[in-house]
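Structural overview for review
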Amino acid sequence: MGKLDGKVAFITGAARGQGRSHAVRLAREGADVIAVDICAQLETVRYPMGTADELDQTVKEVKALGRRIVAHQADVRDASALRRAFEDGTRELGPVDIVLANAGIGAGAADAAEEQEWDEVIGVNLTGVWNTGRIAIPSMIERGRGGSVVLTSSTGGLIGVGIPTAGFLGYTAAKHGVIGLMRSWANYLAPYSIRVNSVAPTAVRTPMAADGNLTAIMERVPELARALSNAMPVDLVEPADVSNAIAWLVSDDARYVTGTVVPVDAGQLNKR
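Keep in mind that what you see is a predicted model, and the values were worked out from it rather than measured.

**With respect to the side chain of K175**
As for its placement among the helices and strands, K175 is situated in helix α5 (residues 166-189). D37 provides the closest opposite charge to the buried, salt-bridge-free K175, at an N-O distance of 13 Å. A polar atom in the side chain of K175 sits 3.2 Å from the backbone oxygen of T152. Sequence-distant contacts of K175, defined by excluding residues within four places in its chain, comprise N125, T152, S153, S154, G156 and G157.

**Overview of the pairing of strand β4 (residues 98-101)**
Burial along β4 is two-sided: I98 and L100 and V99 and A101, pointing in opposite directions, are all buried. Bridge count for strand β1 (residues 8-12) against β4 is three bridges, and the pairing is parallel. Bridging from a neighbouring strand, A9 pairs with I98 of β4. Sheet topology note: the β4/strand β5 (residues 147-152) ladder contains four bridges and is parallel. For A101, the partnering residue across the bridge sits in β5 and is L151.

**Let's talk about the nonpolar core**
Considering soluble globular proteins, one finds that nonpolar side chains tend to be buried as a cluster. Ranked by internal contacts, the top residues of the largest apolar core, which has 43 residues, are F10, I105, V149 and L151. Of all the secondary structure elements, the ones that give two or more residues to this core are β1, β2 (32-37), α3 (79-93), β4, α4 (114-143), β5, α5 and β6 (194-201). Among the elements that make up this core, the one with the highest residue count is α5 (nine residues). For L151, the residues in contact, after removing those within four places along its chain, are A101, V129, V178, L181, M182, W185, N197, S198 and V199. The next biggest cluster of nonpolar side chains, apart from the first, holds 32 residues, and it includes A9, A31, L249 and V264.

**Thoughts on the sheet that holds strand β7 (residues 261-264)**
Taken in spatial order, the seven strands line up as β3-β2-β1-β4-β5-β6-β7 in an open sheet, and their pairing is parallel. If you trace the sheet from one side to the other, it starts and ends with β3 (69-73) and β7, each paired once. Neighbour to neighbour, the strand axes of the sheet diverge by 15 degrees on average, direction disregarded. Across six bridges, β5 lies against β6 in parallel orientation. Considered in β6, the bridge of V150 is made with N197. Those strands touched by helix α1 (residues 17-28) are β1, β2, β4, β5 and β6, and its axis lies near 170 degrees from that of β1. Here α3 sits on the sheet and contacts β1, β2 and β3; the angle it forms with β2, its principal contact strand, is near 160 degrees.

Conventions and cut-offs
- Residues numbered from 1 in each chain as written.
- Predicted model: local features only at pLDDT ≥ 70, side-chain atom pairs only at ≥ 80, totals over all residues.
- Heavy atoms only, no water.
- Helix = DSSP H or I, 4+ residues; strand = E, 2+ residues; numbered from the N terminus.
- Buried < 20%, exposed > 50% of the residue type's maximum accessible area, 1.4 Å probe, protein only.
- Lys, Arg positive; Asp, Glu negative; His and termini not counted.
- Salt bridge = Lys/Arg side-chain N within 4 Å of Asp/Glu carboxyl O.
- Polar contact = N/O pair within 3.5 Å; in protein donor to acceptor, adjacent residues only side chain to side chain.
- Contact = heavy atoms within 4.5 Å.
- Pairing = 2+ DSSP bridges.
- Core = buried A, V, L, I, M, F, W, Y, C linked by side-chain atoms within 4.5 Å.
- Axes fitted to C-alpha atoms, helices over the stretch in contact; angles between N-to-C directions.

Any functional reading would require information beyond the geometric quantities listed.
Structure representation (structure tokens):
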């Protein structure tokens, strides 16, 4: 028996990294999964983004745990495409109980136009989160059985990173905005017993963080050295560390936890 038996989770950015880790962790607790990822490369993103093959791997890992999964390629900035993915998933798996607005991108490439850097990072990291919520939440209200929403922010959503490029400014502004969305939705949805929280990881060992090669990151952007400095003796946390926090937040173990930010940050915020 898992803590999420009979639940359905809607997860964006699920092809790899944190998103895949969340899908597998929740499936291990008994949840079925609607998985969404763009599976395409955005022009300003400097690292290789997730692929259709990687989304297929997420499907295989969830199915290997005996859970059902429906996967779609969709851009979270495109509300119509995201809604189609959501509706197709719920037709097959049933109503959604858990929403993880996880899709996100890192700061843009240095040689990109400022306007494009800003638009892409704000579009994915903030508008995409809003789209995810506004598509999934009405069905949760209508169903009347509560539920849980977790929005992925960042330690950069609680501090100013201090790098004045369009990409980093946009990333920091978007992640701050995610926390504002979370707090607003938490107040609005509390009477419906729908809980809304955020996680705020430090750097996580994913392709966005050069798969843990912090030396490469620091050489590229030396100003990040302080921003990525943790209190505990670890450079990065693992995707599973964030997934474990989320698995708690969406379970009945956290049934009265809402409107909070849970840092998975190895003490980075406290150190500052």
